[in-house]
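Coordinates in review
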Amino acid sequence: LSDRFFPYGAIQTDAVLSLDEHTSLSTSEVDFAFVVWRSFPERIVGFPTQSHFWDPEQGRWGYTSKWTNELSIVLTAAAFYHRYYHSLFTEYLPAGLRELVDGLAACEDILMNVLVAAVTKLPPIKVTQRKQHKEMLSQQVGCVDGDVGTLLSGEWSPSPLHSPPAKVKGTAGAAGSRRFSQRQDCLNQLVDWFGYMPLVSSQLRLDPVLFKDQVSVLRKKYPRLEKP
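Summarised in this report is the structure supplied together with it. (Residues numbered from 1 in each chain as written. Predicted model: local features only at pLDDT ≥ 70, side-chain atom pairs only at ≥ 80, totals over all residues. Heavy atoms only, no water.)

Our next topic: the overall build of the protein. Per the secondary structure count, the protein includes six helices and eight strands. Secondary structure of the protein in N-to-C order comes out as β-α-β-β-β-β-β-α-α-α-β-α-α-β. For the protein, the proportion of its 228 residues judged to be buried stands at 48%. Pairs at least 24 apart in sequence give 79% of the contacts found in the protein among residues at least 6 apart. Carbon and sulfur atoms provide 53% of the accessible area of the protein, an area that totals close to 11,200 Å². (Helix = DSSP H or I, 4+ residues; strand = E, 2+ residues; numbered from the N terminus. Buried < 20%, exposed > 50% of the residue type's maximum accessible area, 1.4 Å probe, protein only. Contact = heavy atoms within 4.5 Å. Areas by Shrake-Rupley, 256 points an atom, 1.4 Å probe, with all protein chains shown as cover.)

What follows is about the nonpolar core. Met112 and Leu190 are the most contacted members of the largest nonpolar core, which totals 33 residues. Only strand E4 (60–64), strand E5 (73–74), strand E6 (78–82), helix H2 (84–92), helix H3 (95–103), helix H4 (108–120) and helix H6 (174–194) provide two or more residues apiece to this core. Ignoring anything within four residues of it in the chain, the contact list for methionine 112 reads Phe5, Ile44, Tyr81, Tyr85, His86 and Phe89. Listed in part, the 13 residues of the second largest apolar core include Ala15, Ala33, Ile125 and Val127. (Core = buried A, V, L, I, M, F, W, Y, C linked by side-chain atoms within 4.5 Å.)

What follows is about the pattern of salt bridges. It is possible for side chains of opposite charge to pair when their charged atoms get near one another. By the definition in use, this model includes five salt bridges. One salt bridge in this structure joins aspartate 14 and arginine 83, with 3.5 Å as the shortest N-O distance. Here aspartate 14, found in the segment before strand E1 (15–19), pairs with arginine 83, found in the loop between E6 and H2; they are 69 residues apart in sequence, far enough to count as distant. Overall, the relative accessible area of 40% leaves aspartate 14 in the partly exposed class. Residue classification places arginine 83 among the partly exposed positions, given a relative accessible area of 31%. Across the pair aspartate 109 and arginine 183 runs a salt bridge whose closest N-O atoms are separated by 3.2 Å. Of this pair, aspartate 109 sits in helix H4 while arginine 183 sits in helix H6, and the two are 74 residues apart along the sequence. Here the two residues aspartate 109 and arginine 183 agree in accessibility, since each one is buried. Three or more residues are tied together by salt bridges with common partners; here these are Arg4, Asp20 and Glu108. (Salt bridge = Lys/Arg side-chain N within 4 Å of Asp/Glu carboxyl O.)

The quantities given are spatial measurements derived from coordinates; they are silent on function.
Pasting the structure below:
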């Protein structure tokens, strides 16, 4: 799994668009995300998001994809980042961390987010995506207990800063629950390796100018982002 972030010589561009095999994005989504990344090339810029929180009852860090006001992880299922991080991932990180990633399912994107946050001290950036893509990506990253990956404009729900989200009943299968548990274990093991929690939380999401404004679509550069 860690080979995903190997600094392959074939990668000649500074920007890397990371996609999972089942990810589906429109050209408008890719174009807008790239425009945002060009303004913030040191950050991970993408679509499906997750967040971390401190769980005082368990005495450990929790990991969730529930609807909250915050995000601290942009999944590399659909994200832009600088190719420099491939070199850092492969050459800077201890071999033990990469072995950890290879031993746990779906841990490599968490490690990449932790690495970038440790270097920049900044959170990733979420950008607008079409609703149908949001729901599709949420299913692909193995959300459980009623979780979803990201929200559209106006759908943020209030939640206390760094507080554990309320537990709700879900219908996810054992495989999804196991994957989610592995990701949470991964996060806590990474914190042990680094000696602190590098992830930085954010409440920011960037939308195109005039997004969902009641004006003519002829004035909008990305009108298709507003379609279901």
